[in-house]
Structures are given as structure tokens and as C-alpha cells.
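Below are the chains, spelled out letter by letter.
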Amino acid sequence: MGDEVKLHGTWFSPFVTRVQIVLKLKGVEYEYVEEDLKNKSPLLLKINPIYEKVPVLIHNGNPIVESLIVIEYIDEAFSGPSILPKDPYERSKARFWTKFLDDKGMPPLWKACWSKGEEREKAKEEALESLKILENEIKGKKFFGGNKIGILDVTADFFAYGIPILEELTKIKLLTEDEFPCLLKWVTNYCNDPFVKEYFPVDDPLAKEYFPPKGPLSASYKVGLHQSPPHKHAFYGAAFLESQNRRPKYISDIPE
Amino acid sequence: MGDEVILLDLYPSMYAMRVRIALAEKEIKHESKEQDVVNKSQLLLDMNPVHKKIPVLVHNGQPICESLIIVQYIDEVWTHKSPLLPSDPYHKARARFWADFVDKKVSDPARRIWLKKGEELEIAKKEFIEALKLLEGELGDKTYFGGDKFGFVDVALIPFYSWFETYETCGNFSIEEHCPTLITWGKKCMERESVHKSMPDPKKICEFVLNDLRKKYGVE
């Protein structure tokens, strides 16, 4: 009796990546469908009519949306190693921290990078507040999950590769050694975890080609975007340029 | 061997109401400690250092924060009666989705209805009604969002029902006119002891918002 599992996503979305990590941890085979968010397919509008976003997991014809809800669903519907803790109290803490990351961690970080002037300063302060709270939470632990990666580490996957890229692009240093030694250690631990290294490598060996950008910025990113698979660094680089109104002419090719 | 259950509570808060209802559904003996959210107690700051907000459930000294997370915790620990979430993973995911939808799409516009005026108020009303209509669509012709049984999504949304009179007064509109099915659902839920004992009198909330809360936020 076969399960039919499909994941609709975009290659650069951290919300999709975290679902892919969980599917891999659980050992679930699935078909991946790339969506074009600039040109939303009728299927996407049908399976996620409320938000019209990715990821969408379709299991035997049933759609599930919102990445954290999808992750809990995968944990419950499929056998394999537990993603969330079994103990209700530990489980409630895992839910608390993943929600914190999505509500208070990601948004100001994103905003701090893409906005300008006073808005950027405010976002930067909020981002630092959230990072301080996370620093406190990781203290004394190798991973947020303890000795091995858990749901919060997976949810924070973007932090491991995203923050260094965004810092390089915007020249805003957020994760300083002085203030966040434990988080920086976590980034190293996470990147070097054998599972992450094998299936979801954060280090991009070709990134050296793009960082720091040699020659015109636009040229570096153009090259990166046309690699197969495209480099995440290149995506963020191009998106950053767009946000700063320095549009290279090919920007219309770049997915949102 | 007794469980010690304490709720750091706030009378008019819909988020606290969710927890009160869940505790009542499960008939869990607990102590409610009404909090002052202006001069926050050391207990609140210790139990929720990250957000410093209510509700917080303290179970045998361990704090659980965030209303929907607390309700799920209650459902997972006290399994002897009134299951709030379905056992089937897909239906559970759907219930979580709609409860989350209440937080994402109802909460903020609802708040803006009593906080804002003019153009901003009109926008808030529009968004609020749109969200309620989507919820009506999900309810369909079921008695509860949980089907025959009162469940997670019902718990997530019903507290807002006690604020409907406030929204209607501030926004000068009728929710029943736009969402009659939801009003029928609200009345049905209110028949449950766990609900009507946990929710404040809508008139008292309305008075509180018009006389105290709005002044505090400098409205009018």
C-alpha cells in the first residue's frame, strides 16, 4: 500500500527547506513540485486557497499547509524517529520556541536587511533582542534539541546560512563574537552535523566565487542564479539589490 | 498525589478565556491568579520571561505559555475526558490550521476595531468580516467546528464572541448581518457550562473597553 506524498515549494524558501529536512529525517519518500510564486498555478490556488503560499504537503490527496503544522503532521502521520519531544511539557517548549522563531526571530531579521533608514534601525534592534533571547536558550547546549538536532534546530536552519549571507550583503554585523558566542558555536555545530552536511549542506563551496563579490555585483549573482541547483546566496544577493533599488536588468528572471 | 495547577489570568483577555474553557471542559481543579499587566508581578516575569504576557499555565511549578500551546498541552496531559483535538493526524492538522487562522487573521483586525478610527477602522472591519466569513465557510452546517463535538477551533474562536458587542459598538455595524451562521454557533457554544462560566459578560467588556482601555491607548 503506497503513500502518495507531494511537496509543493520553492527552492529558496526556508519554510520549504525545513519541511524537506523533516521528511528526510523521517525517511519519507516524496515528489517535489517547484512552484512559481510570480505566476501562481491553479493547483496552488486550489490546495492553499487561504494563503496561496508554499510549502503545501499533499498526502494521499489531502493538503496540509503552514510549515510548523506540516512538520507536526509528518511527525504524527509517519513512523520513524520522533521530530517533536514525546513528553507534553517538552513538546510545549518546542512549540513555544518554534513559534518564537517564526514570530519574533525571522521577521525583524528579514526587515533589518531589506529596509532602510529608521525602519532598518528599529528592525535591527528587534532582531538583536530576539537573538539575545535565543543566545540564552542555546547556552550550555550543543543544539537547541540537546545532544542532537531537534525541531528548533531544523526550524532555525535559515539562521545557519541566512544570517551570514545577509550580514555580508548589508554590512550589518548581527552575530558578533562578543555578544553571541553560543549562537555562533551553534551555527558551526549545526553546519557540521553529519546529517545536515550530507543532505542539506549549509556551506556552499562555490560561494567563494560570489563573496565578497568580485567585479560588478550583478555579474556574480547572475552566474550563481544560473547554476543548477541555483545558489541560495545568489538569490539573496539579487533580492537585496532589488530592495536597494539597484536593479540589474535581468532581475525579472529572478524568482520572488 | 495532587496536581498543582495555577493560571496566570486576566479577566477580559480572549487568550486567557481559551485556557479557562479548556480547564473547565476537562474539569481540572486550578487556582486562578488575576494579573496586573501594567505592574507585572514577579511571578509573571519569572514564568514568562520572554513575552511577559498572560495567560501562563503553571503545572507543578512548570510554566507553559501561549494560549493555543497551553490548550494543546492540557489536551495531551488530561486525556480522561473531552478530547479537544481529533486523533486523526489530518483532521488534527486542519484543526491547528484554523485555530492558527484565528490568531493570524482575526486577532489583529479585531483589535484595530476598538483601537482605530476613520479609514483605519473601516479597513479593520472589512478584514475582520472577511476572516469571519472564511471561518463560516469552514463551519458549514456543522454544530461545532469540531463536528458533533466541541473542539480546538471552537475553543480558539469562542472568546472573541464575548467581544462581539464591543466590536459592534465601536465599529457601528452588525456582525450577525454578515455572519449569521457564526452567531448561531456562538449561541450554541454559550450553552456549554465550560464556556458561559469562563467568559465575562459582553456588556462588562464593552464598558471596560469604552471607558478604560481606549483611554489608556489615547483613543478619542
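Quick caveat, the model's predicted, so the values are computed rather than measured.

### Details of the overall build of chain A
Assigned secondary structure in chain A consists of 11 helices and 4 strands. For chain A, buried positions account for 51% of its 256 residues. Here the analysis covers contacts within chain A between residues at least 6 apart in sequence; of these, 64% occur between residues at least 24 apart. Accessible surface computed for chain A: about 12500 Å², of which carbon and sulfur atoms make up 52%.

### Points about the sheet that holds strand β3 (residues 56-59) of chain A
Residues and elements named next belong to chain A. A sheet is described by the order of its strands in space; here 4 strands give the open sequence β2-β1-β3-β4, paired in mixed fashion. Strand pairing shows two members of the sheet lacking a second neighbour, β2 (31-34) and β4 (62-65), which therefore form its edges. Averaged over all pairs of adjacent strands, the angle between their axes in this sheet comes to 20°, without regard to strand direction. Bridge count for strand β1 (residues 5-9) against β2 is 4 bridges, and the pairing is parallel. Considered in β2, the bridge of Gly9 is made with Glu34. Across the sheet, helix α1 (residues 14-26) touches β1, β2 and β3, and the angle it forms with β1 is around 155°.

### Comments concerning helix α3 (residues 67-77) of chain B
Spacing of three or four residues puts side chains on the same side of an α-helix, whose turn is 3.6 residues. Most of α3(B) is tucked away, with 9 of its 11 residues classed as buried. Along α3(B), the residues classified as buried are B:Ser67, B:Leu68, B:Ile69, B:Ile70, B:Val71, B:Gln72, B:Tyr73, B:Ile74 and B:Asp75. Taken together, the buried residues of α3(B) touch α4 (88-114) of chain A together with α1 (14-25), β3 (56-59), β4 (62-65), α4 (89-115) and α6 (152-161) of chain B.

### Side note on the sheet that holds β4(B)
Sheet strands associate in pairs through backbone hydrogen bonding, adopting either a parallel or an antiparallel arrangement. All names here are of chain B. As summarised here, the arrangement of the 4 strands in space is β2-β1-β3-β4, forming an open sheet in which the pairing is mixed. Since the sheet does not close on itself, it has two edges, and those belong to β2 (31-34) and β4, each with one partner. Neighbour-to-neighbour, the strand axes of this sheet turn through a mean angle of 20°, independent of strand direction. The sheet contact formed by strand β1 (residues 5-9) and β3 spans 4 bridges and is antiparallel.

### A short note on the packing of aromatic side chains
Under the defined criterion, the tally for this structure stands at 20 aromatic pairs over all chains. Feature note: the residues B:Trp114, B:Phe128, B:Tyr161, B:Trp163, B:Phe164, B:Tyr167 and B:Tyr217 constitute an aromatic cluster, connected by ring pairs.

### Some details on the side chain of A:Asn48
With respect to the element layout, A:Asn48 can be found in the loop between α2 (42-47) and β3. Not counting residues within four places of it along the chain, the set of residues in contact with A:Asn48 comprises A:Lys53, A:Val56 and A:Val65.

### Points about the interface of chain A and chain B
Taken together, the contact pairs 23 residues of chain A with 24 residues of chain B. Buried surface at the junction of chain A and chain B, summed over both partners, amounts to about 2200 Å²; 70% is from carbon and sulfur atoms. Of all residues in chain A, the largest losses of buried area upon contact with chain B belong to A:Tyr51, A:Tyr89 and A:Phe96, amounting jointly to 27% of the total for that side. Linking chain A with chain B are 7 salt bridges, by the criterion used here. Applying the counting criterion to the chain A and chain B interface returns 5 residue pairs in polar contact (both at pLDDT 80 or more). Taken together, the elements giving at least two residues each to the side of chain A that touches chain B come down to β4, α3 (67-77) and α4 of chain A. A total of 10 residues in the side of chain A that touches chain B trace back to one element, the largest contributor, which is α4(A).

### Section: the pattern of salt bridges
Residues and elements named next belong to chain A. By the definition in use, this model includes 32 salt bridges over all chains. Taking the shortest distance from any N to any O, the salt bridge between Glu90 and Lys93 comes out at 3.8 Å. In this pair, Glu90 and Lys93 are both assigned in helix α4, 3 residues apart and thus about one turn of the helix distant. Given the relative accessible area of 35%, Glu90 is considered partly exposed. Overall, the relative accessible area of 34% leaves Lys93 in the partly exposed class. Between Glu119 and Lys111 there is a salt bridge, and its shortest N-O distance comes to 3.6 Å.

### Quick notes on the nonpolar core
Judged by nonpolar contacts, the single largest core of 148 residues is most densely connected at A:Phe159, A:Trp186, B:Phe128 and B:Tyr167. With 13 residues, the top contributor of residues to this core is α4(B). Those residues within four positions of A:Trp186 in sequence are excluded, and the remaining contacts are A:Ile138, A:Lys142, A:Phe143, A:Phe144, A:Asp153, A:Ala156, A:Phe159 and A:Ala160.

### With respect to the packing of α1(A) against helix α7 (residues 157-170) of chain A
Helix packing for two helices is described by the angle between their axes and how far apart those axes are. Residue and element names in this part refer to chain A. Where α1 contacts α7, the axes come no closer than 9 Å and their chain directions differ by 135°. Taken together, α1 and α7 sit at an angle that is classed as oblique. In the packing of α1 onto α7, the handedness of the crossing is right-handed. Listed contacts from α7 to Pro14, Thr17 and Ile21 of α1 are Asp157, Phe158 and Tyr161. Of the residues that constitute the contact of α1 with α7, the class distribution is 4 nonpolar, 1 polar and 1 charged.

### Regarding the side chain of B:Asp75
Note that B:Asp75 resides in helix α3. One polar contact links the side chain of B:Asp75 to the main-chain amide nitrogen of B:Leu84, over a distance of 2.8 Å.

### Here we look at the environment of B:Lys125
Residues and elements named next belong to chain B. Considering the arrangement of structural elements, one finds Lys125 in helix α5 (residues 118-139). Taking the relative accessible area as the measure of exposure, Lys125 reaches 12% and is therefore buried. Sequence spacing of Lys125 and Trp114 is 11 residues, and the spatial spacing of their C-alpha atoms is 10.0 Å. With residues near it in sequence (within four places) discarded, Lys125 still touches Ile113, Gly171, Asn172 and Phe173.

Conventions we followed
Residues numbered from 1 in each chain as written. Chains lettered and ligands numbered in written order. Predicted model: local features only at pLDDT ≥ 70, side-chain atom pairs only at ≥ 80, totals over all residues. Heavy atoms only, no water. Helix = DSSP H or I, 4+ residues; strand = E, 2+ residues; numbered from the N terminus. Buried < 20%, exposed > 50% of the residue type's maximum accessible area, 1.4 Å probe, protein only. Contact = heavy atoms within 4.5 Å. Areas by Shrake-Rupley, 256 points an atom, 1.4 Å probe, with all protein chains shown as cover. Pairing = 2+ DSSP bridges. Axes fitted to C-alpha atoms, helices over the stretch in contact; angles between N-to-C directions. Phe/Tyr/Trp six-rings, centres within 6.5 Å; stacked < 30°, edge-to-face > 60°. Buried area = accessible area lost by both parts, 1.4 Å probe. Salt bridge = Lys/Arg side-chain N within 4 Å of Asp/Glu carboxyl O. Polar contact = N/O pair within 3.5 Å; in protein donor to acceptor, adjacent residues only side chain to side chain. Core = buried A, V, L, I, M, F, W, Y, C linked by side-chain atoms within 4.5 Å. Parallel < 35°, antiparallel > 145°, perpendicular 65-115°, else oblique. Left-handed = near helix turned anticlockwise from the far one by under 90°. Nonpolar A, V, L, I, M, F, W, Y, C, P; charged D, E, K, R; others polar.

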